[in-house]
Amino acid sequence: MKYVLVTGGVVSGLGKGVTASSIGVLLQASGLRVTSIKIDPYLNTDAGTMSPFEHGEVFVLDDGGEVDLDLGNYERFLDIRLTKDNNITTGKIYNFVIERERRGDYLGKTVQVVPHVTDAIQDWVERVSHIPVDGNDGVPDVCVIELGGTVGDIESAPFVEALRQFQFRVGPSNFCLIHVSLVPVLGVVGEQKTKPTQHTVQVLRSLGLSPNLLACRSTMPLEGSVREKISSFCHVPPSNVLNIHDCSNIWHVPLLLKEQGAEKAIMTQLGLAHKDIHLEFWKKLAVGWDNMQDMVRIAMVGKYTNLSDAYLSVTKSLQHACFSASRKLQIMWIDASDLEETYKERGGEYLEKYNAAWATLKAADGILVPGGFGDRGVEGKISAAKYARESRTPYLGICLGMQVTVIEFCRSKLGMDQAQSMEFNPATPHPVVVFMPEGSTTHMGGTMRLGTRRTVLQTVECITAKLYQSDQYIDERHRHRYEVNPELVEKIEAAGMVFVGKDETGRRMEIVELEDHPYFVATQFHPEFKSRPGKPSPVFLGLVLAATGQLDSYLQGRKINREPK
């Protein structure tokens, strides 16, 4: 097993996840089987209870793991299926060590960070790195490990020490360290400054780790003299000083690294024979995306619109769909609260926000209402669903987006004026959305309906079946603790809203479509988590095709397969 460790210095948010993913792409193109591990030094057991404003979206895996969004980058770039153990946190490690101590596994010894915690980290990495994630049997060839945070942080110290020891456990020919740093330009001086990189490498080496390669982030391409200076002061050959400057899209990054011979330097360090690699798909993707001309405008009606990372997988899924539909994407961000009547009534700046939000919504070619938790903005999402239904604007609702769709329909078509979810009003006389009976009312972390679950299609005539090319069932990932009230399904369907997908019991609603509408689809599952470049999520593709007038011709050429997607 070969290991490539990616660390970061100077500041957080440099793009270590994209860098690690792009390195994985190069290694895959070299004929190697690649797996990935993300280390997050926070004390949380997982990302499940963290606010999107704090940490971006929570990415959900097949096995129900609620993990850091970087694992989504790994899956999308490498087209692999990771497990919850591929995301290591301080909380998981300490839980593991304390449980062993309680069982008496340490035989009465004093349990310490070194060696017990550091050994647990190394054992975890070694065990998980041997799990196949590409759908084939056998052990992967290379594991790319990303250490979250910034080198020198107090919270990451046990992991840095564990990885320092790990390089000797596996041997120098099986370990390659790539350190991501920043080369800023000071506005007054106007020159690229190397001191931050020099200092972060100094910190890293003081902790017992010496980088084999440096990946220097910058706004503009690195100057030759700057590269030489970094090489000289950081004890790294000039050919191993890589530059990742700002690009028009992240799909350029693998191409940028290849141009600088990154895969050759890594393969040499790992004692592997390197060969010429071809990244034709990535070139087509990166250049093709830049050259898109025809625009499609998708309104994203969300609760966390001030932080785009909160909807990272959703935006990536839209990009994948737009690439396949040959359309340039314009996401029109709308804070759901701005659509609510209360803003109109308050007047002043709130009225301005209200009018601007509605003008944006009405200018969109398609509307997407993603998931979320809590009651803020829910009425705005309900209003967006109503507008899409009445104006016949293509619409896709996801998770909460499906629930508000059903609530709106019950209010408008079934006379349930107080229809609501019990999440927001437990005493509502019209509980359209109810708490799932198996959920926990006392513990929040890891207690939702999580991971890949089967959805049984009820008819082959629905749009969803045609998009997925399946007449039986589909498997998608979930993350919810509330569901459509099964007692109301018959009434809802009689009024024209059809639940075309249900779970295997037939009592849990998974997909809803509206009759006599160009495209009105909502899903309880999260289709964005399995979307890939070149293999877009079918319901996202359906939204974009409908918004650009291409859906009917596309569906005419689709055949229903017996094999589920």
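Note that the structure is a prediction, hence the values are computed from the model and not measured. (Residues numbered from 1 in each chain as written. Predicted model: local features only at pLDDT ≥ 70, side-chain atom pairs only at ≥ 80, totals over all residues. Heavy atoms only, no water.)

**Some thoughts on the overall build of the protein**
Stage number 1. Check the secondary structure of the protein and you find 20 helices and 21 strands.
Stage number 2. Oriented by its inertia axes, the alpha-carbon framework of the protein measures out at about 75 × 60 × 55 Å.
Stage number 3. Counting the 565 residues in the protein, one finds 58% classified as buried.
Stage number 4. For the protein, the proportion of contacts with a sequence separation of at least 24, taken over those separated by at least 6, is 73%.
Stage number 5. Taken as a whole, the protein presents about 23100 Å² of accessible surface, with 49% of it coming from carbon and sulfur.
Stage number 6. Looking at charge distribution, the protein has the averaged site of its 60 positive side-chain charges lying 3 Å from that of its 68 negative ones. (Helix = DSSP H or I, 4+ residues; strand = E, 2+ residues; numbered from the N terminus. Buried < 20%, exposed > 50% of the residue type's maximum accessible area, 1.4 Å probe, protein only. Contact = heavy atoms within 4.5 Å. Areas by Shrake-Rupley, 256 points an atom, 1.4 Å probe, with all protein chains shown as cover. Lys, Arg positive; Asp, Glu negative; His and termini not counted. Charge placed at Lys NZ, Arg CZ, Asp CG, Glu CD.)

**Details of helix α7 (residues 195–206)**
Stage number 1. Between its terminal C-alpha atoms α7 stretches 16 Å, which fits the 16 Å expected from 12 residues at 1.5 Å a residue.
Stage number 2. Of the surrounding secondary structure, the elements contacted by the buried residues of α7 are β1 (2–8), β7 (175–182), β8 (213–218) and α8 (224–234).
Stage number 3. Where α7 ends, the next residue or the one after it, G208, has phi of about 95°, a positive value. (Expected span 1.5 Å × (residues − 1).)

**Examining unusual backbone geometry**
Stage number 1. For the peptide bond that leads from V114 to P115, omega is 15°, which places it in the cis range.
Stage number 2. Even without being glycine, H235 reaches a positive phi, approximately 60°.
Stage number 3. Residue placement: H235 occurs in the loop between α8 and β9 (241–245).
Stage number 4. Residue classification places H235 among the exposed residues on the basis of a relative accessible area of 62%.
Stage number 5. Positive phi values are uncommon outside glycine, yet C399 reaches one of about 60°.

**Things to note about the domain arrangement of the protein**
Stage number 1. Taken domain by domain, the protein holds domain 1 (2–286) and domain 2 (292–557).
Stage number 2. The centre of domain 1, based on its C-alpha atoms, is set 35 Å off from the matching centre of domain 2.
Stage number 3. The partner domain 2 presents 30 residues to the 26 residues of domain 1 that form the contact.
Stage number 4. Between the two partners, domain 1 and domain 2, sit six salt bridges.
Stage number 5. With a shortest N-O distance of 3.1 Å, E75 and R532 are connected by a salt bridge.
Stage number 6. Elements supplying a minimum of two residues to the side of domain 1 that touches domain 2: α2 (52–55), β3 (59–60), α3 (70–78) and α11 (280–290).
Stage number 7. Of the residues contributing to the side of domain 1 that touches domain 2, the split by class is 12 nonpolar, five polar and nine charged. (Domains from an automatic or database assignment. Salt bridge = Lys/Arg side-chain N within 4 Å of Asp/Glu carboxyl O. Nonpolar A, V, L, I, M, F, W, Y, C, P; charged D, E, K, R; others polar.)

**Thoughts on the UniProt feature "domain: CTP synthase N-terminal" (unreviewed entry) in the protein**
Stage number 1. UniProt tags residues 2–272 as "domain: CTP synthase N-terminal" (unreviewed entry).
Stage number 2. End-to-end, the C-alpha atoms of residues 2–272 are 10 Å apart, and along that stretch the chain is 41% helix and 17% strand. (UniProt positions renumbered as here; feature names shortened; annotations may be inferred.)

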